[in-house]
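# Understanding the architecture of this molecule
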Amino acid sequence: MSAHHSHDHATPASRCCAAQPASPEQALTPAAGEQVSRIHIEQMDCPTEERLIRQQLTGMTGVGALQFNLLQRVLSVSHMPERREAVIAAIRELGFSPRLLVDDARPEPTQHKPWWPLALAGFVALAAEVVHFAGGAAWLGAALALLAILISGVETYRKGWVALRHRTLNINALMSIAVTGAVLIGQWPEAAMVMVLFAIAEHIEARSLGRARDAISGLLALAPEQASVQQEDGSWRGIAATEIAVGARVRVRPGERVALDGTVVGGRSTVNQAPITGESMPVEKQTGDSVFAGTINQNGTLEYRVTAAAGQTTLARIIHAVEQAQSEQAPTQRFVDRFAALYTPAVCLLALLMAVLPPLFLGGGWYDWIYRALVLLVVACPCALVISTPVTIVSALAAGARRGLLIKGGVHLEQGGQLNLIALDKTGTLTEGRPVQTDFELLAGGNAERAQQLAASLAARSDHPVSRALASANQQPLLEVDAFTAIPGQGVSGLLNGERYYLGNARLAVGRGLMTSDIQDRLCQLEREGKSLVLLCSEQQALGLFAVADTLKLGSRDAIRELHALGVESMILSGDNAPTVQAIATQVGIDTAHGNLLPDDKLALIRQASNAGRRVAMVGDGNNDTPALAAADIGFAMAAAGSDTAIETADVALMDDDLRKLPAFIRLSRRTLRVLRQNIWLALGIKAVFVGLTLAGSATMWMAVFADMGVSLLVVFNGLRLLRDTL
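Since the model is a prediction, treat every value here as computed from it, not as a measurement. (Residues numbered from 1 in each chain as written. Predicted model: local features only at pLDDT ≥ 70, side-chain atom pairs only at ≥ 80, totals over all residues. Heavy atoms only, no water.)

## Some remarks on the sheet that holds strand β19 (residues 499–504)
Rule in force here: Paired strands are those between which DSSP finds at least two bridges. Every helix listed is a DSSP run of H or I at least four residues long, and every strand listed is a run of E at least two residues long, numbered separately from the N terminus. Only C-alpha atoms enter the line fits that serve as axes; for helices the fit covers just the stretch in contact. Angles between N-to-C directions range over 0 to 180 degrees. In this description, contact between two residues means that some pair of their heavy atoms is separated by no more than 4.5 Å.
If you walk across this open sheet you meet the six strands as β16-β21-β20-β19-β18-β17, and the pairing is antiparallel. Edge positions in the sheet fall to β16 (431–442) and β17 (482–487), since each of these pairs with one other strand and no more. On average, each strand axis in the sheet is inclined to that of its neighbour by 20°, with strand direction left out of account. Looking at chain direction, β17 and strand β18 (residues 491–496) are connected through four bridges and run antiparallel. Counted as the bridge partner of Ile 487 is Gly 491 from β18. Across the sheet, helix α15 (residues 465–473) is in contact with β16, β19, β20 (532–537) and β21 (542–552); its angle to β16 comes to roughly 60°.

Next up, the structure:
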């Protein structure tokens, strides 16, 4: 997990050229005898710095694998224990400021440079322009311009020199060359204004990118730093959350946030779980229920037993999972990086040819063509193009996490927009997974309450889910059961008040000769509705009919309707019997239903759809869904809140089990794809226009800076819109 170390010369993540693909930050496994160190490098904000560090560390004795998280500016290094200081020293030789992160420490937020030096540099550069246009002394204009360049551009020159020394071109190297060239041909005021504009744009962009960089990390602030913990003598004392051990008893008052995950052991209240599930409706909590760090206790005091340390809470694991996902490159980002790696050298070569060939062979003036070449150098950096994808992806990941969608990488965001078929497990996914009694009919006259009491008394002796549903529905005192007997495949029997009664399925009634045509017709009707049937019988006749069903989850119908509106088909893959599965499909509005499936059968159907050219997602909640989840283009896990397995293995986790998150994910994915395309075409289009204007001699250097930095800011702001969008 990562954040930032404060440093005065922070640079925005977009200031890079000749980009190389960044490595996904997954769990780095050290080789035998090695250990992993996490190092925060404030200046490591683009693939150019990554390449410099790779060149420096690759091949060093005792140094193994490297993994980069450029957005969080964290380098993970596998190395021999005695080589840690050598690694840090090698990074420092590049002009960087490495800082070792201990355990799960997070870098501190970046401290941005103050505004006043830039304002002063801008005033001095403007004065140089005034002196130049007023026909003042040339030396005065040059002196003012030089002062403006020194105030605003020393850091740019330093970084540019480091890049050139390692045979790398980045925006700092290109700006250094362009400004120096402008000075050498006597364009002092313009050189100063170009450097000041560049520094101001960098400052604005650094602050803007900080929003994307900290969008997920900011969630950590939702968990309070302290909590009230019960002491051995029964008193309560405030203790730092990081020091509270698992098993401690913690108290949270109304209006306070829960500091750590735990299980309620006292009190009753409602809790707003929006930071975890994205659902702002409060949830009732009482003894035995789980609470999560960062959630808000609303109207009653709760006491809970801590079940996870500060670094292992559900909130912390969500943040860690998304931070890892930030480094996973989506297909669009890989394309952009490959394009940028070719674009920059090509434009730099074009600038060199522009400066030399026309004066030598076409009779052009050296001054004019060198100036055009310098303008082209400013246009040569694909900063806007390179930054357009990561800032958009990270904004979308953060937007999803805030709404209860844990997305494990940009690749899944891109694939989500292309889904056209979603397969869903039934039990625990579409339904609650807990059968409840839905119907009761008295069959032979008599007392209905008496019949229900008899059935509940027998059902309470069984652990079968259907029996538990009948027992739970009963509101009367249970009767004592003697000579209780289980009848395999049929039900149970027992003596109640000296009379024998039977509770079981249709086979039990048939076997005892108690099934009538009227009862059979009613059974068939209820079975077509997807319900499980139970009969209460005496020795002489069937007394009562009970129907039990696994109820639909709230929002299941709405979710399927929204999916259909998005052009996505649906199907059920279930191990339950076919009539029940078909009945659920009909109730929810699902297109196709498959029942009586084993895990391998679900896997085969997913592969069959994929082989037919469909883009398939699988939604499940159990181990039997794992093969199908793995084979699908995207696997969605239910029951993610508090579940290590779901958070760690799913491509996308629905934190509140609400299937309406599925269409929300697809809408977010499609919106992200639209923003990605907008940013790429905006960046490429403006670059192409200015290359053309430069070749025609119509572009000035400050115009090129406005174009380069302006489009960078545009794509950043466009990407950040995803943070505000509703799903």
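There is more to say after this.
## Section: helix α18 (residues 556–565)
We apply this condition: Each residue's exposure class comes from its accessible area (1.4 Å probe, protein chains only) as a fraction of the maximum for that residue type: buried when under 20%, exposed when over 50%, partly exposed otherwise. Regarding the arc, it is the one traced by the directions from the helix axis to the C-beta atoms.
Every buried residue of α18 is listed here: Ser 556, Ala 559, Ile 560 and Leu 563. Around the axis of α18, the buried residues are gathered within 95° of arc, so they sit on the same side. The exposed set on the far side of α18, more than 90 degrees from its buried face, consists of Arg 561 and Ala 565. Those residues of α18 that are buried lie in contact with β15 (421–424), α13 (426–430), β22 (569–573), α19 (578–588) and α23 (661–695).

## Quick look at the packing of α18 against α23
Helix packing for two helices is described by the angle between their axes and how far apart those axes are. Under the convention used in this document: Note that the term roughly parallel is reserved for angles under 35 degrees, roughly antiparallel for angles over 145, roughly perpendicular for angles of 65 to 115, and oblique for everything else.
Here α18 crosses α23 at 30°, and the two axes come no closer than 8 Å. With respect to their mutual orientation, α18 and α23 come out roughly parallel. Touching Ala 559, Glu 562 and Leu 563 of α18 are Leu 662, Pro 663, Ile 666 and Arg 667, all from α23.

## What about the packing of helix α10 (residues 366–379) against α23?
Our working definition: Here the term charged refers only to Asp, Glu, Lys and Arg, the term nonpolar to Ala, Val, Leu, Ile, Met, Phe, Trp, Tyr, Cys and Pro, and the term polar to all other amino acids, Gly among them.
For the pair α10 and α23, interaxial distance at closest approach is 9 Å and the crossing angle is 175°. Here α23 runs roughly antiparallel to α10, going by the angle between their axes. Contacts between α10 and α23 involve Trp 369, Arg 372, Val 375, Leu 376, Val 378 and Val 379 from the former and Lys 687, Phe 690, Val 691, Thr 694 and Leu 695 from the latter. In terms of residue class, the contact of α10 with α23 is built from eight nonpolar, one polar and two charged.

## Observations regarding helix α3 (residues 116–133)
Note the threshold: Under the convention used throughout, the expected extent of a helix is 1.5 Å for every residue step, that is, one less than its residue count.
Between its first and last C-alpha atoms α3 spans 26 Å; for 18 residues at 1.5 Å apiece the expected length is 26 Å, and the two agree. Restricting attention to buried positions, one finds in α3 the residues Leu 118, Ala 121, Val 124, Ala 125, Ala 128, Glu 129 and Val 131. In an axial view of α3, the angular spread of the buried residues amounts to 160°, which keeps them on one side of the axis. With respect to the buried face of α3, the exposed residues turned more than 90 degrees away are Trp 116, Ala 119, Phe 123, Val 130 and Phe 133.

## Topic: the environment of Ala 148
With respect to the element layout, Ala 148 can be found in helix α4 (residues 138–165). Separated by 26 residues in the primary sequence, Ala 148 and Gly 122 place their C-alpha atoms 7.1 Å from one another. Residues in contact with Ala 148, not counting those within four places in the same chain, are Ala 121, Val 124, Ala 125, Ala 192 and Val 196.

## Overview of the sheet that holds strand β1 (residues 35–41)
Spatially, four strands are ordered β2-β3-β1-β4 in an open sheet, and the strand pairing comes out antiparallel. Sheet topology places β2 (63–69) and β4 (98–101) at the edges, where each strand pairs with a single neighbour. Within this sheet the neighbouring strands show an average axis-to-axis angle of 30°, counted without direction. Two elements, β1 and strand β3 (residues 74–79), share six bridges in a ladder whose sense is antiparallel. Directly across from His 40, in β3, lies its bridge partner Val 74. Set on the sheet, helix α2 (residues 84–92) makes contact with β1, β2, β3 and β4; between it and β1 the angle comes to about 25°.

## Some details on the nonpolar core
This is how it is decided: Buried residues of nine kinds, namely Ala, Val, Leu, Ile, Met, Phe, Trp, Tyr and Cys, make up a nonpolar core once their side-chain atoms join them within 4.5 Å.
One finds Ile 422, Leu 424, Phe 636, Leu 659 and Leu 662 to be the most contacted residues of the largest nonpolar core, which totals 54 residues. Of all the elements, α23 adds the most residues to this core, at eight residues. In this structure Phe 636 touches Leu 419, Ala 617, Met 618, Val 619, Gly 620, Leu 629, Val 652, Leu 654, Leu 662 and Phe 665, once residues within four positions along its chain are discounted. One finds Ala 128, Val 194, Ala 373 and Phe 690 within the second-largest nonpolar core, a separate group that totals 45 residues.

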